[in-house]
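What follows is each chain in one-letter form.
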Amino acid sequence: MRINERRSLWRRMRPYLTVFDGPLLTILIVLLSTSLVTLYSASIGIPGKIEDQLRNIFMCFFVMWLVANIKPQNMMRIAVPAYVITLGLLVAVALVGTIKLGARRWLHIGVIDIQPSEFAKLAVPLMLAWFFQQRQGHLRWHSYAIGAMLLLLPVGLIARQPDLGTALLVVAAGFCVIFLAGLPWKALLALVAAGAASMPVAWSMMHDYQRERVMTLIDPTSDPLGKGFHIIQSTIAVGSGGITGKGWTHGTQAHLEFIPERTTDFIFAVYSEEFGLIGNLFLMLLYLLLIGRGLMISANAPNFFTRLLAGATTMIFFTYAFVNMGMVSGILPVVGVPLPFMSYGGTALLTLGLASGILMSVQRNRKLVQT
């Protein structure tokens, strides 16, 4: 009887325990293992980092499992409330937010500080996917205009904090939804032209520190011990790795503390110095596999909503990786974007866990969602 009860319990629990997509899970495990190896070297002399990151990884997988068990139909139901709540929190930040390091990005609730802009990374594409799903088959130019307004409202509030890095990530994910919804190429080219024409206006609206980042990108040697220090030291580390790298835990730039934020935003510099070009190619292959798997899930999604949502979620991975690697390599301004599944940190890892859970939910329910 007990054996039969156990078998019955397993049959009931099995659908909830086998929700992970095999290929995607394998890629994430390899990425996170690579992260722990690199973080161990980068955090020598900084106790507690590995233990904290293991806890973050556990929470990431737990959140991933929870979201993977949510059916896409239920995600559609929470799209509007999630967007409205996120927008309300962003307005609250603008009015009564906590100021840290010169930026008003946090909201003090009870005994914790939360950063609502992190919620926008998923709430905005979720809302846009729901919006275009409701208008499928009846899309007109004004539908895309409304979608753009839904995107620009939270982006404007985030950029005002100021938090250019998060605003960029939200724009990328939101624009991906609008593009996949069928934005005409002519409209896309017009947007590019309008963006180029508005650069002088955007420059005049930028904060002084943002202008300094752009000028430092152009010529980091103009202030080698100040604004240009980060870029100069990170590019030295990337270049000094050569073909095969200096070896694990033998990176001089990191261990002599020339690389700033070496466990978070600049962990790619530590990795490049120790594992070289071969290691970089391996890491880029992992990200290509991750993005490719996400696009495959999006292509096989059963309806318009899940296709848009999976595509936008995949764009989050791409934007994180592209901006961080470009920033560390000196081809993009320093905007404080972590390397996905590699950088130390809990908030970003939870966001990535949520995104991965969404992809797994779409893949799991690809034959169950009514079109």
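Residues numbered from 1 in each chain as written. Predicted model: local features only at pLDDT ≥ 70, side-chain atom pairs only at ≥ 80, totals over all residues. Heavy atoms only, no water.

## A closer look at the overall build of the chain
In terms of helices and strands, the chain carries 15 helices and 3 strands. Each of the 371 residues in the chain was classed as buried or not, and the buried ones make up 47%. When the accessible surface of the chain is split by element, carbon and sulfur atoms take 69% of a total near 18,300 Å². (Helix = DSSP H or I, 4+ residues; strand = E, 2+ residues; numbered from the N terminus. Buried < 20%, exposed > 50% of the residue type's maximum accessible area, 1.4 Å probe, protein only. Areas by Shrake-Rupley, 256 points an atom, 1.4 Å probe, with all protein chains shown as cover.)

## Here we look at helix H4 (residues 72-96)
For H4, built from 25 residues, the straight-helix expectation of 36 Å at 1.5 Å per residue is met to within 8% by its first-to-last C-alpha distance of 35 Å. Of all the bends in H4, the greatest, near 40 degrees, is centred on Ile-78, and the proline Pro-81 appears no more than four residues after it. What H4 keeps buried is the set Pro-72, Met-75, Met-76, Ala-79, Tyr-83, Thr-86, Leu-87, Leu-89, Leu-90 and Val-93. (Expected span 1.5 Å × (residues − 1). Bend = angle between axes of the 7 residues up to and from the residue.)

## Considerations on the nonpolar core
In this structure, Phe-132, Leu-283, Tyr-287, Leu-290 and Phe-341 are the most contacted members of the largest nonpolar core, which totals 89 residues. Per element, the largest residue contribution to this core is 14 residues, and it comes from helix H14 (residues 304-329). (Core = buried A, V, L, I, M, F, W, Y, C linked by side-chain atoms within 4.5 Å.)

## Structural notes on the confidence of the model for the chain
In the predicted model, the chain carries a mean pLDDT of 83, and 87% of its residues have values of at least 70. Mean pLDDT across the secondary structure elements of the chain bottoms out at helix H1 (residues 2-17), with 57, and peaks at helix H13 (residues 267-299), with 94. (pLDDT = per-residue confidence, 0-100.)

## Examining a nonpolar patch on the surface
Residues Ile-243, Leu-277, Ile-278, Leu-281 and Met-284 make up a contiguous nonpolar surface patch of roughly 470 Å² in combined accessible area. Looking at the element boundaries, Ile-243 is found in the loop between helix H11 (229-240) and helix H12 (252-255). (Patch = residues over 30% accessible without salt bridge, like charges linked within 9 Å, V, L, I, M, F, W, Y side chains within 5 Å. Salt bridge = Lys/Arg side-chain N within 4 Å of Asp/Glu carboxyl O.)

## Regarding the pattern of salt bridges
Close approach of charged atoms allows side chains with opposite charge to pair. Under the counting rule described, the total for this entry stands at 4 salt bridges. The partner of Lys-121 in a salt bridge is Glu-118, and the shortest N-O contact between them spans 3.0 Å. Of the two residues, Lys-121 and Glu-118 both sit in helix H5 (residues 116-134), 3 residues apart, roughly one turn of that helix. For the pair shown, Lys-121 and Glu-118 are each scored as buried.

## Some remarks on the packing of H5 against H14
Each pair of packed helices gets described by two things: the angle between the helix axes and the distance between those axes. Two elements in contact, H5 and H14, have axes whose closest approach is 8 Å; the angle formed by their N-to-C orientations is 150 degrees. Taken as axis vectors, H5 and H14 run roughly antiparallel relative to one another. By crossing handedness, the relation of H5 to H14 is classed as right-handed. Residue-level contacts link Glu-118, Lys-121, Leu-122, Pro-125, Leu-126, Ala-129, Trp-130, Phe-132 and Gln-133 of H5 to Phe-304, Phe-305, Leu-308, Leu-309, Ala-312, Ile-316 and Tyr-320 of H14. (Axes fitted to C-alpha atoms, helices over the stretch in contact; angles between N-to-C directions. Parallel < 35°, antiparallel > 145°, perpendicular 65-115°, else oblique. Left-handed = near helix turned anticlockwise from the far one by under 90°. Contact = heavy atoms within 4.5 Å.)

## What to know about the packing of aromatic side chains
Following the criterion strictly, the structure yields 8 aromatic pairs and no others. The interplanar angle of 35 degrees and the centroid separation of 5.0 Å between the aromatic rings of Tyr-271 and Phe-275 together place this pair among those described as tilted. Remark: Phe-275 and Tyr-271 occur in helix H13; sequence separation between them is 4 residues, near one turn of the helix. An aromatic cluster is defined as three or more aromatic residues linked by ring pairs; in this entry it consists of Phe-131, Phe-132 and Tyr-144. (Phe/Tyr/Trp six-rings, centres within 6.5 Å; stacked < 30°, edge-to-face > 60°.)

## Brief notes about the environment of Leu-66
Tracing the backbone through its elements, the reader meets Leu-66 in helix H3 (residues 49-68). Classification of Leu-66 by relative accessible area gives partly exposed; the value is 38%. Sequence separation between Leu-66 and Ser-361 is 295 residues; the distance between their C-alpha atoms is 9.6 Å.

## A short note on unusual backbone geometry
In the Ramachandran plot, Thr-249 falls in the positive-phi region, its phi being about 65 degrees despite a non-glycine side chain. With respect to the element layout, Thr-249 can be found in the loop between H11 and H12. A positive phi angle is found at Phe-341, which is not glycine, with a value near 65 degrees. Examined against the element boundaries, Phe-341 turns out to sit in the loop between H14 and helix H15 (347-364). Classification of Phe-341 as buried rests on a relative accessible area of 1%.

## Examining the environment of Leu-332
Locating Leu-332 in the fold gives a position in the loop between H14 and H15. In this structure Leu-332 comes out as partly exposed when scored by relative accessible area, which is 22%. Sequence separation of Leu-332 and Ile-231 is 101 residues, and the distance between their C-alpha atoms is 9.6 Å.

## Brief notes about H13
For H13, built from 33 residues, the straight-helix expectation of 48 Å at 1.5 Å per residue is missed by more than 12%, its first-to-last C-alpha distance being only 32 Å. Approximately 120 degrees is the largest bend angle found in H13, and it occurs at Gly-276.

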